[in-house]
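# Fold and contact review
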Amino acid sequence: MTMSPSVIAPVSFNRRLKNRIVQSLVWLAFAVAVVPLVSVLWLVVKNGAARFDAEFLTHSMRNIGPRDAGGGAYHAVLGTLEQVGLATLISVPIGLLTAIYLVEYGEGRRLARTISFFVDVMTGIPSVVAGLFILAFWVLVLGLGYSGFAGALALSILMMPTVVRASEEMLRLVPNELREASYALGVPKWKTIARIVLPTAFTGIVTGIMLAIARVAGETAPLLLTVFITDSINSDPFKGPQMGLPLYVFDQAQRPNVTAVDRAWAGALTLILIVMLLNLVARLITWWRSPAKGR
């Protein structure tokens, strides 16, 4: 039995109308999400480009007065790279091993449920609480003083839950058939994880690690409590106060003069560029290790 065109036409029109309405709503939501991001990036680039030069990247603020022109953020860039690097070295192995245990060994175990619960709790911890914990334990109780390493410890607390959850989800996406095929060949479980599971989930794990790094790279409160502020270059993260880019932006932005505010904008631009560069490196690594490349 065939239906007349007079019955089909209204149905098709209603579907097209609904499709257009939903499509318009999707584009509107996209614009609402993107416009603030683009406006923030444009504002940072516009205000920071004037002071973003070679002098800014190669000089510190030592012997530069609050109202003096010149100076730079070399000491802050160095501090941020060292602090985030140490935090990554601390949190990635712990987070990855935790995710491996939850996925490969902890199915149905009480310990795994307990670990998963505390990972969820750590995900919602405010950054200032992590800074206060390291301040109380590392700086005050142990008396080891302010240092870049103390800041890295606080940042690693914030990084770990992101690394655990991202790695856990990527490991769960690995097909069980790959594991079973490996076990059928007599390969031990630990070698199956190292040779089959981890390489398969590698690109997703790297993406999760980069999300964790981007999450902590701009944190100010933990560093303010654990690293303190200095205008001098300190290349040793284990001894003495050390500057970071978030602290540098905070310190310069609160000074009531144009030259300091310009340095703050340039510091914010530098931080954004560092995060973008790290994401680009991660993308290149994942592209190089993609299955299509056979590596």
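Residues numbered from 1 in each chain as written. Predicted model: local features only at pLDDT ≥ 70, side-chain atom pairs only at ≥ 80, totals over all residues. Heavy atoms only, no water.

## Looking at the overall build of the protein chain
- From N to C terminus, the protein chain includes 12 helices and zero strands.
- Mapped from its N terminus to its C terminus, the protein chain presents α and β elements in the order α-α-α-α-α-α-α-α-α-α-α-α.
- By the compact-globule yardstick of 19 Å for 295 residues, the protein chain is too spread out, its C-alpha radius of gyration being 25 Å.
- Scored against the burial criterion, the 295 residues of the protein chain give a buried share of 38%. (Helix = DSSP H or I, 4+ residues; strand = E, 2+ residues; numbered from the N terminus. Rg over C-alpha atoms; globule rule 2.2 N^0.38 Å. Buried < 20%, exposed > 50% of the residue type's maximum accessible area, 1.4 Å probe, protein only.)

## Describing the side chain of Arg255
- When you line up the elements, Arg255 lands in the loop between α11 (245-253) and α12 (258-288).
- A relative accessible area of 17% places Arg255 in the buried class.
- If we skip the residues at most four places from it in the chain, Arg255 touches Pro66, Asp231, Ala260 and Val261. (Contact = heavy atoms within 4.5 Å.)

## Some words on the UniProt feature "transmembrane region" (unreviewed entry) in the protein chain
- Sites flagged by UniProt as "transmembrane region" (unreviewed entry) map to residues 25-45, 84-103, 115-140, 146-164, 196-217 and 264-285.
- From the first C-alpha to the last, residues 84-103 spans 27 Å; its make-up is 100% helix and 0% strand.
- The annotated region residues 264-285 carries 100% helix and 0% strand content, and the separation between its end C-alpha atoms amounts to 32 Å. (UniProt positions renumbered as here; feature names shortened; annotations may be inferred.)

## Re the nonpolar core
- Formed by 50 residues in total, the largest nonpolar core has its most connected members in Ile134, Trp138, Leu171, Leu245 and Tyr248.
- Only α3 (74-105), α5 (127-141), α6 (148-172), α8 (189-200), α9 (202-217), α11 and α12 provide two or more residues apiece to this core.
- What Tyr248 contacts, discounting residues up to four positions off in sequence, is Phe56, Met61, Gly72, Ala73, His75, Ala76, Met243, Arg263 and Gly267.
- By size, the runner-up hydrophobic cluster in this structure holds five residues, among which are Leu102, Ala112, Val119 and Val164. (Core = buried A, V, L, I, M, F, W, Y, C linked by side-chain atoms within 4.5 Å.)

## With respect to helix α4 (residues 110-123)
- Between its first and last C-alpha, α4 extends 20 Å over 14 residues, near the 20 Å set by a 1.5 Å rise per residue.
- Taken residue by residue, α4 has Ala112, Ser116 and Val119 as its buried positions. Buried residues of α4, viewed axially, fall in a sector of 60°; they line one side. More than 90 degrees from the buried face of α4, the exposed residues found are Arg110, Arg113 and Phe117.
- Elements that come into contact with the buried residues of α4 comprise α3 and α6. (Expected span 1.5 Å × (residues − 1). Arc of directions from axis to C-beta.)

## Details of the side chain of Gln252
- With respect to the helices and strands, Gln252 occurs in helix α11.
- In contact with Gln252, other than residues within four places in its own chain, are Met61, Ala260, Val261, Arg263 and Ala264.

## Brief notes about the UniProt feature "domain: ABC transmembrane type-1" (unreviewed entry) in the protein chain
- Here, the residues flagged by UniProt with the feature "domain: ABC transmembrane type-1" (unreviewed entry) are residues 77-282.
- For residues 77-282, the end-to-end C-alpha separation is 20 Å, with 78% helix and 0% strand making up the annotated structure.

## Overview of the pattern of salt bridges
- One pass over the structure, following the stated rule, counts seven salt bridges.
- Note that Arg179 is salt-bridged to Glu104, the shortest N-O span being 2.8 Å. Separated by 75 residues along the polypeptide, Arg179 in helix α7 (residues 176-184) and Glu104 in helix α3 bring together distant segments of the chain. One exposure class covers both Arg179 and Glu104, and it is buried.
- One salt bridge in this structure joins Asp120 and Arg165, with 2.8 Å as the shortest N-O distance. Here Asp120 is found in helix α4, whereas its partner Arg165 is found in helix α6, with 45 residues between them in sequence.
- Take Asp120: its relative accessible area is 45%, and that puts it in the partly exposed class. (Salt bridge = Lys/Arg side-chain N within 4 Å of Asp/Glu carboxyl O.)

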